[in-house]
Amino acid sequence: MIELKDVSYTYPHTVQEALHHLSLVLDTGRCIMITGPSGAGKTTLCLAACGILAHEYGGKKAGTVTINGRNVADYAGLSDIARNVGIVFDDPEAQMIFTTVEEEILSALEYRGLPPGEIETRLASIMEVTSLSALKDRSPHTLSGGQKQRVALAATLALGNDVLILDEPTSELDEHATRRIVEILSDLKRRGKTLLIVEHKYAHFREIIDTLIVMEHGAVSAIGAPDDVLKDERIKRMVIPDFTGIGSGASALAPAPAAGAAPVPAISVRDVSYSYDGVPALHDVSIAIGAGEFVAIVGENGSGKTTLVKQFNRLLTPTGGDIVINGKNTRDCTIAELARDVGLVFQNPDHMFFADTVKDEIAFGLTNLGIGNKDAVIDAALDEAGLLHAKTLYPRWLSRGERQRLAIACVVAMQPAIIVLDEPTTGLDGDEARLVMEILKKHQQKGHTIVVITHNRDIAQYCADRMITMDEGRIVSDTGG
């Protein structure tokens, strides 16, 4: 059992409490789901519950956290606590240190000191239930975001802990993989494991949730049986995203072609193939996306979605075939030249950040493109993203959802003709996710071409004009193609 009593916490160099007089009990064999807006303190709660705040972080702390009746501060260290509690972080890549998927999972089994024969049996079982057997020899850092999440979960499951804390364990997983993870967690609960899950996919987890907690501003704003909590309409909108009505009446203002001229696609993909170290990721893909279109690209993890869009600004160059952006072959352009045409928001926003402040992150792109009136542009982008209050903060102090919105603001501020976003609603609650899609729709109405990779079929249905489905590196359907 884990118990938090009157816990408050303030991160170094900040004055706002991340947790405010929070009390919570994780009873054995129960499943608690925590949700709420970005910056609400969900991840901080996870760090407190597993003892990381006590042993690894500075800042201002108050209250007590106990695991099995013992104060977390009295444990010898995190390795001692890890015998009781396993955690999957919201950034799975931060947990990976080995060169292959198999080694990541094997290291956890070896840590438990199991006999070689049992290690081999458990390794095969865990890889099978997490659908990783085919990836066992791959480097974790070459995997898709969703595949990395499955590796992090598999390594944590290998520890065999009685308590599992999972921070956004399915945020980058497709529908099929999410359902499989829920099945795994449901089985663990039946076997008496205790689960604390931070998630925004309430509908998928509904059947295994005993207690639903909604956090806002570092405190619990609602707690109880899920059906009781969701009687509050404001809370319900936060927990369950609603994208209906966003696409109605939103027509793009794409520039009209010259009289007698055929329209030039904003993006033309011609027989494109791509391989990672000899492993094929795209197979002869061809599509054309018109100026001002809003396109959703969907498909399972590893289907080639991210590999495809990285070709648009030449982060990747096709192994075969050509990408033409606004009439220019990407092979003839530098990444810097393409930045005026294509802005890409990464699946993991942390891959974009390097500056000391939120303001400087946005200013960097504006400076490189020679965009004037920077202060006004920065303020407008931050205000639109709901981050004006964070202008002087270090980007990595922000919550995952706030970092996601900052990444979007960095790209939108540069006003590229084409805006590409890889899972832009990851880590966002229902209200925030709807806000992001409304922002993107407004930019479409201004004439921008919007391309969104998403696992959320509601986004594809209610926000996009067209849905492209990929599978195993190929386009298998295109509602507008």
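Criteria and thresholds
Residues numbered from 1 in each chain as written. Predicted model: local features only at pLDDT ≥ 70, side-chain atom pairs only at ≥ 80, totals over all residues. Heavy atoms only, no water. 1 Å grid on protein atoms, 1.4 Å probe; cavity = no way out; pocket = protein on both sides within 12 Å on 5 of 7 lines; lining within 4 Å. Points joined across faces, edges and corners; volume = space filled by probe spheres on them. Helix = DSSP H or I, 4+ residues; strand = E, 2+ residues; numbered from the N terminus. Nonpolar A, V, L, I, M, F, W, Y, C, P; charged D, E, K, R; others polar. Core = buried A, V, L, I, M, F, W, Y, C linked by side-chain atoms within 4.5 Å. Buried < 20%, exposed > 50% of the residue type's maximum accessible area, 1.4 Å probe, protein only. Contact = heavy atoms within 4.5 Å. Pairing = 2+ DSSP bridges. Axes fitted to C-alpha atoms, helices over the stretch in contact; angles between N-to-C directions. Salt bridge = Lys/Arg side-chain N within 4 Å of Asp/Glu carboxyl O. Polar contact = N/O pair within 3.5 Å; in protein donor to acceptor, adjacent residues only side chain to side chain. Parallel < 35°, antiparallel > 145°, perpendicular 65-115°, else oblique. Left-handed = near helix turned anticlockwise from the far one by under 90°.

**Section: empty space enclosed by the protein**
Inference 1: Across all of its chains, the model carries one cavity of 30 Å³ or more by this definition.
Inference 2: Reported here for the largest cavity is a volume of approximately 60 Å³.
Inference 3: Lining the largest cavity, in full, are Ala 381, Glu 384, Ala 385, Arg 405, Ile 408, Ala 409, Val 436 and Ile 439.
Inference 4: Listing elements by their share of the lining of the largest cavity, those giving two or more residues are helix 14 (374–385), helix 15 (400–413) and helix 16 (430–445).
Inference 5: Classifying every residue of the lining of the largest cavity by side-chain character gives six nonpolar, no polar and two charged.

**Notes on the nonpolar core**
Nonpolar side chains in soluble globular proteins tend to end up buried together.
Inference 1: By size, the foremost hydrophobic cluster in this structure holds 45 residues, and its most contacted members are Ile 105, Leu 132, Leu 185, Ile 197, Phe 205 and Ile 235.
Inference 2: Not counting the four nearest positions on each side in its chain, Ile 197 is found in contact with Cys 31, Ile 32, Met 33, Ile 34, Leu 166, Pro 169, Leu 185, Phe 205 and Ile 208.
Inference 3: Core analysis: the next-biggest nonpolar cluster, separate from the first, contains 40 residues, Phe 353, Ala 407, Ala 409 and Ile 459 among them.

**Side note on the sheet that holds strand 19 (residues 466–471)**
Inference 1: Pairing within the open sheet is mixed, and its six strands lie in the order 16-17-18-13-19-20. The strands lining the two open edges of the sheet, one partner per strand, are strand 16 (342–345) and strand 20 (474–478). Each strand axis lies, on average, 20° off the axis of its neighbour in the sheet, ignoring direction.
Inference 2: The sheet contact formed by strand 13 (residues 294–299) and strand 18 (residues 449–453) spans four bridges and is parallel. Pairing of Ala 296 across the sheet is with Val 452, part of strand 18.
Inference 3: Strands strand 16 and strand 17 (418–422) of the sheet are contacted by helix 15, whose axis makes an angle of about 175° with strand 16.

**Some thoughts on the pairing of strand 13**
Inference 1: The buried fraction of strand 13 amounts to six of the six residues, a majority that puts the element mostly inside the structure.
Inference 2: Every second residue of strand 13 is oriented toward a common face, with Phe 294, Ala 296 and Val 298 on one face and Val 295, Ile 297 and Gly 299 on the other, all of them buried.
Inference 3: Pairing of strand 13 with strand 19 involves five bridges; the strand directions are parallel. Its bridge partner lying in strand 19, Ala 296 is registered against Met 467.

**Side note on the pattern of salt bridges**
Inference 1: Following the criterion strictly, the structure yields 23 salt bridges and no others.
Inference 2: Measuring nitrogen to oxygen at the nearest pair gives 3.1 Å for the salt bridge that ties Arg 434 to Glu 438. Of this pair, Arg 434 and Glu 438 both sit in helix 16, four residues apart, which is roughly one turn of the helix.
Inference 3: Overall, Glu 438 belongs to the partly exposed group, its relative accessible area being 30%.
Inference 4: Salt bridges here are not isolated pairs; linked through shared partners, they connect Arg 30, Lys 189 and Asp 210.

**A word on unusual backbone geometry**
Inference 1: Of note in this structure, Glu 168 is not a glycine but carries a positive phi near 55°.
Inference 2: Within the element layout of this structure, Glu 168 appears in the loop between strand 7 (163–167) and helix 7 (175–190).
Inference 3: Within the chain, Asn 326 stands out as a residue other than glycine whose phi angle is a positive 50°.

**Thoughts on the sheet that holds strand 5 (residues 70–71)**
Inference 1: The strand order 2-1-4-5 describes an open sheet built from four strands, whose pairing is antiparallel. The sheet is open, and its two edges are formed by strand 2 (19–26) and strand 5, each paired on a single side.
Inference 2: With two bridges joining them, strand 4 (residues 60–67) and strand 5 adopt antiparallel strand pairing. If you follow Thr 66 over to strand 5, its bridge partner there is Asn 71.

**Considerations on the pairing of strand 4**
Inference 1: In the sheet, strand 1 (residues 2–10) pairs with strand 4 via seven bridges, with the strands oriented antiparallel. Within strand 4, the residue paired with Glu 3 across the bridge is Thr 66.
Inference 2: Between the end of strand 4 and the start of strand 5, which pair antiparallel, lie two residues, with Asn 68 showing a positive phi angle near 55°.

**Considering the side chain of Ser 186**
Inference 1: Its place among the elements puts Ser 186 in helix 7.
Inference 2: A polar atom in the side chain of Ser 186 sits 3.0 Å from the side chain of Arg 190.

**A look at the packing of helix 14 against helix 15**
Angle between the axes and distance between the axes: these two values describe a pair of packed helices.
Inference 1: Running from amino to carboxyl end, helix 14 crosses helix 15 at an angle of 140°, the nearest separation of the two axes being 9 Å. Here helix 14 is positioned oblique relative to helix 15, judged by the angle of their axes. Classified by chirality, the crossing of helix 15 by helix 14 is right-handed. Across from Val 377, Ala 381, Leu 382, Glu 384 and Ala 385 in helix 14, the residues of helix 15 making contact are Arg 405, Leu 406, Ala 409, Val 412 and Ala 413.
Inference 2: Taken together, the residues of the contact of helix 14 with helix 15 sort by class into eight nonpolar, no polar and two charged.

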